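Each chain is listed here by its residues.
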Amino acid sequence: IENPEKLGGFKKFLVAGMGGSHLAADLLKIWKPDLDLIVWHNYGLPPVKDLKERLVIASSYSGNTEETVGAFEEAKKRRLPLAVISSGGKLTTMAHMLRLPHVVVPSHIQPRMATGYMLKAILKFMGDRKGLEELGKLTEDIHPSWHEGKGKILARRLRGSVPVIYSSEANFPIAYNWKTKFNETGKIPAFCNAFPELNHNEMTGFDMKKRTSGLSSRFHFVFLRDGDDEPKIKRRMNVTEKLLKKRGFKTETVNLAGKTVWEKIFNSLVLADWTAYYTAKLYGVEPEEVPMVEEFKKLIG
C-alpha cells in the first residue's frame with residue numbers, strides 16, 4: 001500500500017467497481033459471508049446511512065472507469081474514508097496527488113484476469129493477514145494446466161449452444177464469473193442465475209412447447225455443484241436438471257473442488273478461463289481483447 005499511514009482501521013467496507021474490477025469483491029462474500037462489505041457497481045454511491053464508517057475502495061483496473069471515477073469524486077466531496085486500487089490512469093494520479101492509500105496492480109492484462117491481484121489488494125486494505133496467506137498458497141495448490149483438458153472438452157460440448165450457468169445463491173459470484181468469461185473471452189451470449197430463486201420464475205421459460213421450441217432449443221445448462229451447499233439446494237438442482245433433460249435440454253455438471261473455499265473458487269475460475277478460451281478458438285474469434293467495450297467507451301465519450 002502506498003501512503004499506508006493514511007489508512008485507519010475499518011470493519012466496514014464498500015468496493016465501487018465495474019466489470020472485472022468488482023469480481024474480486026464479489027468473491028470475498030463467498031469466502032467470508034458475514035463480512036460487512038457493500039459491492040457497488042453503478043454511478044455515485046449507494047444511499048446507506050453508515051458510509052462515514054466504511055472504507056470506500058475505488059477499484060478500477062484501468063483507473064479510468066467512468067462510474068468508478070465518479071464514485072471516487074463523490075466520496076472525496078463527502079470527505080469519506082477513501083482508498084484506490086488500479087493499474088494506473090486517473091485514479092492512480094488522483095491518489096498520488098491527494099496522498100491517499102492506494103495499491104497499483106500489474107498492468108497490461110485484461111481486468112477479468114487480474115482477479116487475484118485485486119483480491120489481495122482488497123485484503124491488504126482490510127488488514128486480513130489470514131486471507132492473504134490462504135490466497136498465497138494457491139500458487140502451490142492450483143495448477144492451471146490440470147484444467148486445460150477438461151476446459152477444452154467442455155467447450156466442445158457447449159459448441160453451438162448458449163451456456164446458462166446455475167449455482168446456489170452462495171456461489172452466485174462464481175456463476176457470474178463463468179458468464180462474463182464466456183461473454184468477454186468466448187465472445188458469445190451466456191447467462192446465469194441462482195437457486196432457489198430461478199425455480200420460481202426463470203425455469204418456466206424453459207417449459208418447451210412446440211410453438212416456443214425455436215426460442216429456447218439453443219440453451220445448454222451448466223450446474224456448478226458444491227458439496228457444502230444446503231441439502232435443500234442440492235435437491236432443487238437435481239430435480240431441475242431432471243426436468244430440463246425431460247424437455248430435451250443438454251446439461252453439464254461442474255463440481256466445485258478444493259480443500260479450502262479459495263481453492264474451490266479458483267479451481268472453478270481457471271476451468272472457466274480454459275473453457276472460454278477454447279470456445280473462442282472453436283468460433284475463430286480473438287479471446288483476449290474486448291473491441292465492443294472499447295467501441296462503446298469511445299461512443300459515450
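Look a little higher up for the structure.
Worth saying up front: this structure is predicted, and the values here are computed from it rather than measured.

**Q** Please clarify how the overall build of the chain should be interpreted in this entry.
**A** When its secondary structure is counted, the chain shows twelve helices and nine strands. Taking 19 Å as the expected radius of gyration for a compact globule of 301 residues, we find that the chain reaches 20 Å, a close match to that expectation. When its C-alpha atoms are laid out on the principal axes, the chain stretches across 60 × 45 × 40 Å. Looking at the chain as a whole, 49% of its 301 residues are labelled buried. A separation threshold of at least 6 residues defines the contact pool for the chain, and within that pool the share at least 24 residues apart is 74%. Within the chain, the 35 negative side-chain charges are centred at a point lying 5 Å from the centre of the 47 positive side-chain charges.

**Q** Would you mind showing me how to read the pattern of salt bridges here?
**A** Pairs may arise between side chains of opposite charge once their charged atoms sit close together. In the structure shown here, the tally under the stated rule is 17 salt bridges. Residue R78 is joined to E74 by a salt bridge in which the shortest nitrogen-to-oxygen separation is 3.5 Å. Owing to a relative accessible area of 36%, R78 belongs among the partly exposed residues under this scheme. Taking relative accessible area as the criterion, E74 reaches 27% and is therefore assigned partly exposed.

**Q** Is there a simple way to think about the layout of surface pockets in this case?
**A** Empty space among the atoms becomes apparent when a probe as large as a water molecule is rolled across them. Space inside the largest pocket adds up to approximately 1300 Å³. Along its surface, the largest pocket is lined by 39 residues, and M18, G19, T65, V293 and K297 are the ones closest to its centre. Elements that contribute at least two residues to the lining of the largest pocket include exactly α2 (66–77), α8 (172–184) and α12 (291–300). Of the residues that constitute the lining of the largest pocket, the class distribution is 14 nonpolar, 15 polar and ten charged. If you add up the space inside the second largest pocket, you get close to 730 Å³.

Cut-off values and rules
Residues numbered from 1 in each chain as written. Predicted model: local features only at pLDDT ≥ 70, side-chain atom pairs only at ≥ 80, totals over all residues. Heavy atoms only, no water. Helix = DSSP H or I, 4+ residues; strand = E, 2+ residues; numbered from the N terminus. Rg over C-alpha atoms; globule rule 2.2 N^0.38 Å. Buried < 20%, exposed > 50% of the residue type's maximum accessible area, 1.4 Å probe, protein only. Contact = heavy atoms within 4.5 Å. Lys, Arg positive; Asp, Glu negative; His and termini not counted. Charge placed at Lys NZ, Arg CZ, Asp CG, Glu CD. Salt bridge = Lys/Arg side-chain N within 4 Å of Asp/Glu carboxyl O. 1 Å grid on protein atoms, 1.4 Å probe; cavity = no way out; pocket = protein on both sides within 12 Å on 5 of 7 lines; lining within 4 Å. Points joined across faces, edges and corners; volume = space filled by probe spheres on them. Nonpolar A, V, L, I, M, F, W, Y, C, P; charged D, E, K, R; others polar.

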